[in-house]
Amino acid sequence: MRDPDTVARIVTALRTVHGDDIARVMLNDGLSLAVLIDSLLLPPMSNRDAVKLITQALSSVDFIVTPDFGLVWNIKYFYDRPKSLHVIDVSVVTPDHGAIASTDIYLRLMLEDN
């Protein structure tokens, strides 16, 4: 693992919300970015820390992200209300695919070969 702290924080959030067995299946088989966002945006994690983890997961080599965004992509943040800094969802914008909703983006933990 290249970023064990990010992976550990994501795993902890998933285990807290969904339980150990379901979290394991999600990480093994893949989960949508929307599910990850919902898990991370719950207390006790701050919104700011959750958004950082979402961004780190998307750019991490520890996760296989589908679809492949290519080299050029940006994150678009959706806020709770105008002038709010409380992020409630994200999408990824690419030149090739346009805007991709969090429900259409999947992450799977890259397992190390033993």
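Notes on the structure in this doc start here. Because the structure is predicted, anything quoted here is derived from the model rather than measured. (Residues numbered from 1 in each chain as written. Predicted model: local features only at pLDDT ≥ 70, side-chain atom pairs only at ≥ 80, totals over all residues. Heavy atoms only, no water.)

## Quick word on the packing of aromatic side chains
In this structure the tally under the stated criterion is 1 aromatic pair. Between F69 and W73, the aromatic rings sit 5.3 Å apart at their centres with planes inclined by 50°, giving tilted as the arrangement. (Phe/Tyr/Trp six-rings, centres within 6.5 Å; stacked < 30°, edge-to-face > 60°.)

## Observations regarding the sheet that holds strand 2 (residues 63-66)
With respect to topology, 3 strands assemble into an open sheet ordered 1-6-2, the strand pairing being antiparallel. Sheet topology places strand 1 (31-32) and strand 2 at the edges, where each strand pairs with a single neighbour. Across 2 bridges, the pairing between strand 1 and strand 6 (residues 106-109) is antiparallel. Paired with S32 across the two strands is Y106, which belongs to strand 6. (Pairing = 2+ DSSP bridges. Helix = DSSP H or I, 4+ residues; strand = E, 2+ residues; numbered from the N terminus.)

## Quick notes on helix 2 (residues 20-29)
If you check which residues of helix 2 are buried, you get A23, M26 and L27. Viewed along the axis of helix 2, the buried residues span an arc of 90°, placing them on a single side of the element. The exposed set on the far side of helix 2, more than 90 degrees from its buried face, consists of D21, R24 and D29. On its buried side, helix 2 packs onto helix 1 (4-18), strand 1, helix 3 (33-40), strand 2 and strand 6. Trailing helix 2 by a residue or two, G30 shows a phi angle of about 110°, which is positive. (Buried < 20%, exposed > 50% of the residue type's maximum accessible area, 1.4 Å probe, protein only. Arc of directions from axis to C-beta. Contact = heavy atoms within 4.5 Å.)

## Quick word on the nonpolar core
Counting residues in hydrophobic clusters, the biggest one holds 31 residues, and the most contacted among them are L14, L33, L36, L40, L58, F63 and I105. The set of elements that each furnish at least two residues to this core consists of helix 1, helix 2, helix 3, helix 4 (47-59), strand 2, strand 4 (87-94) and strand 6. Counting residues per element, this core draws most heavily on helix 4, at 6 residues. Filtering out sequence-adjacent residues up to four positions away, L33 remains in contact with I54, L58, V90, S102, I105 and L107. (Core = buried A, V, L, I, M, F, W, Y, C linked by side-chain atoms within 4.5 Å.)

## Here's the deal with helix 1
Think of an α-helix as turning once every 3.6 residues; residues three or four places apart then point the same way. The terminal C-alpha atoms of helix 1 lie 20 Å apart, and with 15 residues this matches the ideal 21 Å at 1.5 Å per residue to within 8%. Remark: G19 follows helix 1 within two positions and exhibits a positive phi of approximately 90°. (Expected span 1.5 Å × (residues − 1).)

## Structural notes on the pairing of strand 5 (residues 98-101)
Both strand 4 and strand 5 contribute to a ladder of 4 bridges, which runs antiparallel. Its bridge partner being in strand 5, S91 is matched across the sheet by A101. The hairpin formed by strand 4 and strand 5 contains 3 residues between the paired strands.

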